[in-house]
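# Structural characterization, general
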Amino acid sequence: MTQQSDKLIDCMARLKAAAIPFALVTVVRTQDLTSAKAGAKAVVQADGALDGWIGGGCNQAAARRAARAALADGQPRMIRVRPNAVPGQIVAGAEEQPSGCPSGGTTELFVEPILPRPSLIVLGASPCAQAVARLGVGAGYAVTLSAAAQDQARLEASGLLPEVCFLPDFQVCRAAPGAAVVVATQGKGDAAALKAALRLDSGYCAFVGSRRKADRLTESLQDDATLRPALDRLRSPAGLDIGARTPEEIALSILAELVVWRSGKAVDPALAGAQRRPGGPSKTPGPKG
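Residues numbered from 1 in each chain as written. Predicted model: local features only at pLDDT ≥ 70, side-chain atom pairs only at ≥ 80, totals over all residues. Heavy atoms only, no water.

### Regarding the environment of Ile121
Along the polypeptide, Ile121 turns up in strand β8 (residues 119-123). Sequence-wise, Ile121 and Val181 are 60 residues apart; in three dimensions their C-alpha atoms are separated by 4.7 Å. (Helix = DSSP H or I, 4+ residues; strand = E, 2+ residues; numbered from the N terminus.)

### Focus on a nonpolar patch on the surface
Residues Leu135, Ile242 and Leu252 make up a contiguous nonpolar surface patch of about 250 Å² in total accessible area. Tracing the chain through its elements places Leu135 in helix α3 (residues 127-138). (Patch = residues over 30% accessible without salt bridge, like charges linked within 9 Å, V, L, I, M, F, W, Y side chains within 5 Å. Areas by Shrake-Rupley, 256 points an atom, 1.4 Å probe, with all protein chains shown as cover. Salt bridge = Lys/Arg side-chain N within 4 Å of Asp/Glu carboxyl O.)

### A closer look at the packing of α3 against helix α8 (residues 247-263)
In contact at an axis separation of 8 Å, α3 and α8 are set at 50° when each is read in the N-to-C sense. By the angle between their directions, the pair α3 and α8 is classed as oblique. Crossing hand, α3 versus α8: right-handed. Residues Pro127, Cys128, Ala131, Val132, Leu135 and Gly136 of α3 pack against Pro247, Glu248, Ile250, Ala251, Leu252, Ile254 and Leu255 of α8. Here the residues of the contact of α3 with α8 are counted per class, giving 11 nonpolar, one polar and one charged. (Axes fitted to C-alpha atoms, helices over the stretch in contact; angles between N-to-C directions. Parallel < 35°, antiparallel > 145°, perpendicular 65-115°, else oblique. Left-handed = near helix turned anticlockwise from the far one by under 90°. Contact = heavy atoms within 4.5 Å. Nonpolar A, V, L, I, M, F, W, Y, C, P; charged D, E, K, R; others polar.)

### Quick look at helix α6 (residues 211-219)
The periodicity of an α-helix, 3.6 residues per turn, causes residues three or four places apart in sequence to face the same way. Within α6, the full set of buried residues consists of Ala214, Asp215, Leu217 and Thr218. For α6, the buried positions fall inside an angular range of 165° around the axis, keeping them on one side. Residues of α6 that are exposed and point more than 90 degrees away from the buried face comprise Arg212, Arg216 and Glu219. Elements in contact with the buried residues of α6: α5 (190-198), β12 (204-207) and α7 (228-233). (Buried < 20%, exposed > 50% of the residue type's maximum accessible area, 1.4 Å probe, protein only. Arc of directions from axis to C-beta.)

Right, here's the structure in full:
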């Protein structure tokens, strides 16, 4: 392994640990004279920061444009940088970008977006909360489980570790962009957990419990003006209406709703109509990309 490869691996590890999205750009093929050859790689961030070597200024500018697009829509793409190319034209599966480099060579670059795992915050220590956390891990979420301090030891002994991050007493200070929050306290700290969830800047917030119970809890929070916009977005009961009964089935219905939410598609009224509080939205658009 070369020193350059070591640096790129360290760079990617650092960005992944910080949950910073980036694109890995690889030189796939070159033609005629080029300064970078097949196999050369670079890491490009959304702000244009570039680590590695994939050729001169023309390649770097094209890679930055393609990386921004890939990070925006989450889709990989192939680009071809060559003289006299028509910008944006697709030829043989690659998007063409013009090159003004004096060498006159052609470079094909594969741009792969590397995005942080979506964040799922579960409040509660109930069997349903644990089922949501387990299924969330399996579905590729970065899961945080927060419950009352007295439940910490029981949660840590539940077999959820090491995939799940634990925080005591509903101490979730912030949510990552596009995070999903599920309150599954089921009678133990409902009000405190719901208030903590509503204060998070999340795109999806759901309460596991009956509509009557959710309405009673939210009525007690109406006087807090800072919570009103979040109250309008609250989904309760949580999940799609698939007739779920067991904790595992309820977790499945919630994860299914999350799939729909993240896709940005409308929920089938037959599945969603019974799941919304009166006045609440029938659909909250999911995150882009």
